[in-house]
Amino acid sequence: MEPAHLALDNLTIRYQRADLPAIEDLSLEAHPGELLALLGPSGSGKSTTLRCIAGFLDPECGDVRLDGRSILALPPERRNAAFVFQQPTLFPHLSVAENVAFGLRMRGVGKAERMRRVEAALAAVQLADLGTRRPHQISGGQRQRVALARALITQPRLLLLDEPFSALDPELRDEMRALVRELQRGQAVTAVLVTHDQQEASMLADRIALLIEGRLQQIGPPDVFYRRPANLAVARFFGAQNFLAGTLDRDERTAFTSLGSLMLHHNSVAPGPVTLVIRPERVRLSPPDATPNGIAGRVQTHQFLGALHRYVVACARSGDMSSASAALNRTKITSNPEPVYLTVLTTDANYRAGDAVRVILPPEHIWALADHGDDHLADQ
Ligand code: ADP
Ligand code: MG
């Protein structure tokens, strides 16, 4: 069977007695065979969306379509979707093999066929020898693999995963992630993975849909969320950390900021007030005598993070704001001598607190966003 195409159309979901909807006007699609991550902070409506797709929850308005046809009128068991939760929900009195076989029995699949498929499913999740055990006789990670086998054995058209790795310890989590990805690709099943972990989503998903407070912020391939966040909330969620108020010049390649005028190669906005976004791993440091380029700064704090070093660098505000009267007004340069702090993540171990440095902001890694007046976000 071909993998399913899933579409959500203008979905609004409201819990009883709740003032605000948990999900508001959500439209997105999952392409056939893709793994779409539904990403967002806790309480953003990810599980709500998944429960609505599965049929456990009715929307206030909008539609859920599978291959173009609405499935809202279908009960959960007729939606051809399999669900894996954070905590596996297995029948304690049934063996591992019987748990996995459950869905096939419900569908009236004969015993010989059932046994063959259970054996294959258990082998696929590397539990071939544990079929006769009860759920309490295996580990948590193994129980989660049983849940995965049970979900996939019915050959669902949609695989719905709600934080399935969160309860596992790091090593098992990596194994389980790889297994899910392999089986999802192998069976060519369309999957929606709910997670609050941006790294997990980036690692596993073909595309990510980012929800914040019940609203879709951005949807696309993982790398776009790092390079081209759609707004400040997205940039923050993906760890951008450095935000700088500025004014984009008419040439759309220069921004006037409290650190002076900066060159940039990419932006999505018109000339005028902007917020520049610079990821900490894109900022480079150099000894002050090595280059005349960049911005003068002093290392404020240094933390050793293991693989990387994290520096916070205090940068002097630029006195030269010549062509930027608008920027002058916005950044109140004369009345505010506070330095601008930039966060840097690097493998470069050469600096300590108190060191003078030059800070290089590569033009190709500066991204300008329209400024919607979030004053508190600027120059932090
Ligand atoms: P997420 O999975 O992204 O953490 P949820 O979808 O569980 O978020 O919840 C989204 C919002 O809906 C939250 O504000 C949560 O408090 C609320 N919510 C979730 N479940 C219920 C419920 N059964 N009744 C009322 N409100 C709920
Ligand atoms: Mg949830």
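Okay, so let's go over this structure.

Thresholds, definitions, all that
Residue positions within a chain follow its written sequence, with the count starting from 1. Throughout, the order in which chains and ligands are written sets their labels, letters from A for the former and numbers from 1 for the latter. The predicted nature of this model means local features are confined to residues of pLDDT at least 70 and side-chain atom pairs, given and counted, to a pLDDT of 80 or more, with totals for whole chains, interfaces and linings taken over all residues. Hydrogens are left out, water is left out, and the side-chain values use all remaining heavy atoms of the structure. Helix and strand definitions here come from DSSP, where helices need a minimum of 4 consecutive H or I residues and strands a minimum of 2 consecutive E residues; each element is numbered from the N-terminal end. Burial here depends on accessible area, computed with a 1.4 Å probe over protein chains only, as a share of the maximum for the residue type. Under 20% is buried, over 50% is exposed, and the range in between is partly exposed. Here, two residues are considered to be in contact whenever any of their heavy atoms come within 4.5 Å of each other. Methods summary: accessible areas were calculated by the Shrake-Rupley approach with a probe of 1.4 Å, and residue burial reflects only the protein chains presented. By the counting rule applied here, Lys and Arg register as positive and Asp and Glu as negative, while His and the ends of each chain are not counted. Where a charge sits is defined by one atom per residue type, namely NZ (Lys), CZ (Arg), CG (Asp) or CD (Glu). In this description, a nonpolar core means a group of buried Ala, Val, Leu, Ile, Met, Phe, Trp, Tyr and Cys residues linked to one another through side-chain atoms lying within 4.5 Å. Near is defined per residue: the residue qualifies when any heavy atom it owns lies within 4 Å of the molecule or strand. A 3.5 Å cut-off defines polar contacts: any pair of N or O atoms within that distance qualifies, except that in protein one atom must be a possible hydrogen donor and the other a possible acceptor, and neighbouring residues in sequence count only when both atoms are side-chain atoms. Only Asp, Glu, Lys and Arg are considered charged, only Ala, Val, Leu, Ile, Met, Phe, Trp, Tyr, Cys and Pro nonpolar, and every remaining residue, Gly among them, polar. As defined here, a cavity is a set of points on a 1 Å grid over the protein atoms alone where a 1.4 Å probe fits but cannot get out. A pocket is an open set with protein on both sides within 12 Å along at least five of seven lines, and residues line them when an atom is within 4 Å of a point. Grid points are joined across faces, edges and corners, and a volume is the space filled by probe spheres set on the points.

When helices and strands are counted, the protein shows nine helices and 21 strands. Overall, the C-alpha framework of the protein stretches about 80 × 45 × 35 Å when taken along its three principal axes. Here the protein holds 380 residues, and 49% of them are scored as buried. Here the analysis covers contacts within the protein between residues at least 6 apart in sequence; of these, 70% occur between residues at least 24 apart. Of the roughly 18,200 Å² of accessible surface on the protein, a fraction of 49% belongs to carbon and sulfur atoms. Once the 41 positive and 42 negative side-chain charges of the protein are each reduced to a mean point, those two points are 5 Å apart.

Let's shift gears to helix 2 (residues 96-106). Every buried residue of helix 2 is accounted for by V96, N99, V100, A101, G103 and L104. In this structure, the buried side of helix 2 is in contact with helix 3 (111-124) and helix 4 (140-152). Phi turns positive one or two residues past the end of helix 2, at G108, with a value near 75°.

Okay, the nonpolar core next. Counting 45 residues, the largest nonpolar core has V100, L148, L159 and I208 as the members making the most contacts within it. When residues in this core are grouped by element, the largest group, six residues, is from helix 4. Residues in contact with V100, not counting those within four places in the same chain, are V118, A121, L122, V146, A149, R150 and I153.

Looking now at the site of ligand 1. All residues in the neighbourhood of ligand 1 are listed as Y15, A22, P41, S42, G43, S44, G45, K46, S47, T48 and R51. Between ligand 1 and G43, the relevant distance is 2.7 Å, taken from an oxygen atom to a main-chain nitrogen or oxygen of the residue. One of the side-chain N or O atoms of S47 is found 2.9 Å from an oxygen atom in ligand 1. Protein chains shield 56% of the accessible area of ligand 1, which is 560 Å² for the free molecule. For the shell around ligand 1, the per-class residue count stands at three nonpolar, six polar and two charged.

The space that makes up the largest pocket amounts to roughly 630 Å³. Taken together, 21 residues line the largest pocket, and the ones lying closest to its centre are A81, A82, F83, G103 and R107. Looking at the lining of the largest pocket, the elements that each hand over two or more residues are strand 6 (81-84), helix 2 and helix 4. Counted by class, the lining of the largest pocket contains 12 nonpolar, five polar and four charged residues. As for the second largest pocket, its lining consists of 16 residues, of which A97, E98, A101, M115 and V118 are closest to the centre. Looking at the lining of the second largest pocket, the elements with two or more residues in it are helix 2 and helix 3. Top element by residues in the lining of the second largest pocket is helix 3. It accounts for six residues. Within the lining of the second largest pocket, the residues separate by chemical class into seven nonpolar, three polar and six charged.

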